[in-house]
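Chain and residue survey
Letter by letter, the chains look like this.
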Amino acid sequence: MSESPHPDPMFPAAATDTSGGWHLSRRGWTVLLSFVIVIALAVVGGFVRVPYVAVSPGPTYDTLGQVDGKLVVEVDGHETYPTSGQLRMTTVSVNQDVTLFSALGLWLSSRHALAPREEFIPPGKTEQDVEAENQKMFTESQSNAEVAALRYLGFPLVVIAGEITTNSPADQVLEPGDRLLVVNGKKITAPEDVRASLQGTTPGTPITITFKRGDGPEQTASVTLAKASDFNPDDNRSEGLLGLVAAERADVRFKTTIHLQDVGGPSAGLIFALAIVDRLTPGELEAGQQVAGTGTIDGRGNVGSIGGIPFKMVAARDAGASAFLVPADNCIEAKSQAPDGLRLIKVDTLTTAVKALEDLHAGRAVPSC
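Described below are features of the structure shown in this document. (Residues numbered from 1 in each chain as written. Predicted model: local features only at pLDDT ≥ 70, side-chain atom pairs only at ≥ 80, totals over all residues. Heavy atoms only, no water.)

1. Topic: the packing of aromatic side chains
As a reminder of what qualifies: Only Phe, Tyr and Trp rings take part, Trp by its six-membered ring, and two of them pair if their centres are within 6.5 Å. Stacked means planes under 30 degrees apart, edge-to-face means over 60, and tilted covers everything else. Only DSSP runs of H or I covering at least 4 residues are called helices, and only runs of E covering at least 2 are called strands; the numbering of each starts at the N terminus. Working definition: with a 1.4 Å probe on protein chains only, accessible area under 20% of the residue-type maximum means buried, over 50% means exposed, and in between means partly exposed.
The final tally for this structure, using the stated rule, is 2 aromatic pairs. Here F138 and F272 contribute two aromatic rings whose centre-to-centre distance is 5.8 Å and whose plane-to-plane angle is 65 degrees, an arrangement assigned as edge-to-face. Residue F138 is found in helix 3 (residues 127-152), and its partner F272 is found in helix 6 (residues 269-280); the two are separated by 134 residues along the sequence. The buried category is assigned to F138, whose relative accessible area is 1%. A relative accessible area of 0% places F272 in the buried class. Residues F155 and F254 carry aromatic rings whose centres are separated by 5.3 Å and whose planes lie at 70 degrees to one another, so their mutual orientation is edge-to-face. Residue F155 is found in the loop between helix 3 and strand 9 (157-164), and its partner F254 is found in the loop between strand 14 (244-250) and strand 15 (255-258); the two are separated by 99 residues along the sequence. By relative accessible area, F254 is classed as buried at 9%.

Written as structure tokens, this is what we have:
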């Protein structure tokens, strides 16, 4: 009489069949399936990216100091003045490599926030596209900061050809940086004069442009205005198109250079402008203190709002700053989330920012959020 097989008590999930082979019991299949699910979740949670980015306080840079052995703001060819304090620009770090597990950890962190990826990388654009745009805005912020600072200090300014549309009428005769003197009979003393000079024209209208290139003589060239919609289908203006964006440049013999890499966006404009003013004037705006801030700036010295100010304030406080320059339009958000020990100073122009720092140094009242 044969003996019926019994499961091995050491392996309760398995049993033998009558032919001597092995098969899994229902419990065994449950254990195996659970194990597979755990492994799958680990793979998904640890390696698959979610459609969010992690935002956190970024590095800060003392614009009166050095980075990698070079002055952040360097002026060559003009007398500069020593400073002892710090004037810090602030940044936000954006981590695009966020997995499910890391997202859960960051969500629990008080120093990070999760935001939809499309808020930073719009549909139809790549990370490289966004990085290039941010770098362009950073370069423009440096140019605006220089123009605003030198305007504030009373240096003469000239109007130049900035961006030029490829194959446009302007592209036939001008190069970026050419000084614009007269366009269509109108003397050019401000960037908006170029657009005003084209009022009443139509596509096909011939006009003349008088300009200077570098230290060369004045030149006059003729071009025929184009139709705006030929270059941009959404541009329905009736006047003729010249195809350039006018900008301003200080007419000086010295050179201002900003040495800072791996930073993008326009929000350092205000701090760059203040650093240039501080370098070129006796005394110290920050008077030995650690001051930080943020804000865009245009060539006229107007300060604009920025994003990510809660993280920038945290970064500033971590770096030891005791005062923080806040664009007026960011004041409500800043006041509600300011770290302890950080004094908020409201600014709306380069002029008010300079005065606020002078008043802070002198112990006078300063505008606050």
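Next, the rest of the story.
2. Topic: the state of the cysteines
The condition that has to hold: Disulfide: a pair of cysteine sulfur atoms within 2.5 Å of each other.
Under the criterion given, the structure shown has 1 disulfide. The disulfide partner of C331 is C369, and the gap between their sulfur atoms is 2.0 Å. Looking along the S-S bond of the C331-C369 disulfide, the torsion reads about -60 degrees, which is the left-handed sense. Placement of C331 in helix 8 (residues 331-337) and of C369 in the segment after helix 9 (350-362) is noted, with a sequence separation of 38 residues between them. Judged by relative accessible area, C331 falls into the buried class, the value being 7%.

3. Digging into the side chain of T91
This is how the line gets drawn: Polar contacts here mean pairs of N or O atoms no more than 3.5 Å apart (in protein, one a potential hydrogen donor and the other a potential acceptor; neighbouring residues in sequence count only if both atoms are side-chain atoms). Any two residues whose heavy atoms approach within 4.5 Å are treated as being in contact.
Position of T91 relative to the elements: it lies in strand 7 (residues 86-95). According to the relative accessible area criterion, T91 is buried, its value standing at 11%. Within the local environment of T91, its side chain forms a polar contact with the backbone oxygen of P59, the two atoms lying 2.6 Å apart. When sequence neighbours within four positions are dropped, the list of residues in contact with T91 reads P57, G58, P59, Y61, V263 and K312.

4. Observations regarding helix 7 (residues 309-318)
In terms of burial, helix 7 is largely enclosed, as 7 of its 10 residues are buried. Where helix 7 is concerned, the buried positions are I309, P310, F311, K312, M313, A315 and A316. Immediately beyond the C-terminal end of helix 7, within one or two residues, lies G320, with a positive phi of roughly 100 degrees.

5. Quick notes on the pattern of salt bridges
We count it as follows: Salt bridge, as used here, is a side-chain nitrogen of Lys or Arg placed within 4 Å of a carboxyl oxygen of Asp or Glu.
Under the definition given, this model contains 13 salt bridges. A salt bridge links R213 to E175; its shortest N-O distance comes to 3.7 Å. Placement of R213 in the loop between strand 12 (206-212) and strand 13 (218-224) and of E175 in the loop between helix 4 (169-173) and strand 10 (179-183) is noted, with a sequence separation of 38 residues between them. When its relative accessible area of 30% is taken as the criterion, R213 is described as partly exposed. D359 serves as the salt-bridge partner of R364, at 2.7 Å between the closest nitrogen and oxygen.

6. Re the environment of D329
Tracing the chain through its elements places D329 in the loop between strand 19 (323-327) and helix 8. What makes D329 exposed here is its relative accessible area of 69%. For the pair D329 and D348, spaced 19 residues apart in sequence, the C-alpha separation works out to 8.2 Å.

7. Side note on the sheet that holds strand 20 (residues 343-347)
Just so we agree on the cut-off: In this description, strands pair whenever DSSP reports at least two bridges between them. A fitted line through C-alpha atoms represents every axis, and for helices the fit uses only the stretch in contact; the resulting angles, taken between N-to-C directions, go from 0 to 180 degrees.
In spatial order, the strands read 8-3-7-16-19-20; together these 6 strands make up an open sheet with mixed pairing. Each edge of the sheet is formed by a strand with only one pairing partner; in this case those strands are strand 8 (113-116) and strand 20. Recorded for the sheet is a direction-independent mean angle of 35 degrees between the axes of neighbouring strands. Bridge count between strand 7 and strand 16 (residues 290-293): 4 bridges; the pairing is parallel. Following the sheet pairing, Q86 is matched in strand 16 by Q290. In this fold helix 7 packs onto strand 3 (52-62), strand 7, strand 8, strand 16, strand 19 and strand 20, with an angle of close to 40 degrees to the strand it touches most, strand 3. Seen against the sheet, helix 9 touches strand 16, strand 19 and strand 20 and runs at an angle of roughly 145 degrees to strand 20.

8. Describing helix 3
Heads up, the condition is: To estimate how far a helix should extend, the number of its residues minus one is multiplied by 1.5 Å.
For helix 3, with 26 residues, the first-to-last C-alpha span of 37 Å sits near the 38 Å given by 1.5 Å per residue. Every buried residue belonging to helix 3 is among V130, F138, S141, Q142, A145, V147, A148, A149 and L150, and all of these are buried. In this structure, the buried side of helix 3 is in contact with strand 9, strand 14, strand 15, helix 6, strand 17 (296-297) and helix 9. One or two steps after helix 3, the chain reaches G154, where phi turns positive at roughly 90 degrees.

9. What about the packing of helix 3 against helix 6?
Here is the rule: Orientation categories follow fixed angle ranges, with anything under 35 degrees roughly parallel, anything over 145 roughly antiparallel, 65 to 115 roughly perpendicular, and all other angles oblique. By convention the crossing between two helices is left-handed if the near helix lies anticlockwise of the far one by an angle smaller than a right angle, and right-handed if it lies clockwise. Amino acids outside the nonpolar list (Ala, Val, Leu, Ile, Met, Phe, Trp, Tyr, Cys, Pro) and the charged list (Asp, Glu, Lys, Arg) are all regarded as polar, and Gly is one of them.
With their axes 8 Å apart at the nearest point, helix 3 and helix 6 run at an angle of 40 degrees to one another. The angle between the axes of helix 3 and helix 6 places the two elements in the oblique class. Relative to helix 6, the crossing made by helix 3 is right-handed. Note on element contacts: helix 6 touches helix 3 through G269, F272, A273, I276, V277 and L280, opposite F138, S141, Q142, A145, E146, A149, L150 and Y152. Broken down by class, the residue content of the contact of helix 3 with helix 6 amounts to 10 nonpolar, 3 polar and 1 charged.

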